[in-house]
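# Descriptive structure summary
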Amino acid sequence: MINVMILFVILALVALACGSVIRAKKKGQTCIGCPNAGKCGGKCHCNDS
């Protein structure tokens, strides 16, 4: 029983993560993890220092 509950929690987390990615892509964000994702020109330079 506990295994089924853990499986549902993991599946829910994966579904929420996928939903977040889909929503971000529909908004036109090119680099989802980048804080400037809505404004960058298509090339993510988030890790450049």
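All figures in this text were calculated on a predicted structure; none of them were measured in a lab. (Residues numbered from 1 in each chain as written. Predicted model: local features only at pLDDT ≥ 70, side-chain atom pairs only at ≥ 80, totals over all residues. Heavy atoms only, no water.)

Another point: the overall build of the chain. Helix and strand content of the chain: 1 helix and 0 strands. By residue count, 8% of the 49 residues in the chain fall in the buried class. With an accessible surface of roughly 4,300 Å², the chain has 65% of that area assigned to carbon and sulfur atoms. (Helix = DSSP H or I, 4+ residues; strand = E, 2+ residues; numbered from the N terminus. Buried < 20%, exposed > 50% of the residue type's maximum accessible area, 1.4 Å probe, protein only. Areas by Shrake-Rupley, 256 points an atom, 1.4 Å probe, with all protein chains shown as cover.)

Moving on, we get to helix 1 (residues 2-26). The end-to-end C-alpha distance of helix 1, which contains 25 residues, comes to 36 Å, matching closely the 36 Å that a straight helix rising 1.5 Å per residue would cover. Looking one or two places after helix 1, you find Gly28, whose phi comes out positive at around 95°. (Expected span 1.5 Å × (residues − 1).)

Another point: a nonpolar patch on the surface. Taken together, Met1, Ile2, Met5, Ile6, Ile10 and Val14 make up a surface patch of nonpolar side chains, about 650 Å² in accessible area. Relative to the helices and strands, Ile10 is located in helix 1. You can call Ile10 partly exposed: its relative accessible area is 47%. (Patch = residues over 30% accessible without salt bridge, like charges linked within 9 Å, V, L, I, M, F, W, Y side chains within 5 Å. Salt bridge = Lys/Arg side-chain N within 4 Å of Asp/Glu carboxyl O.)

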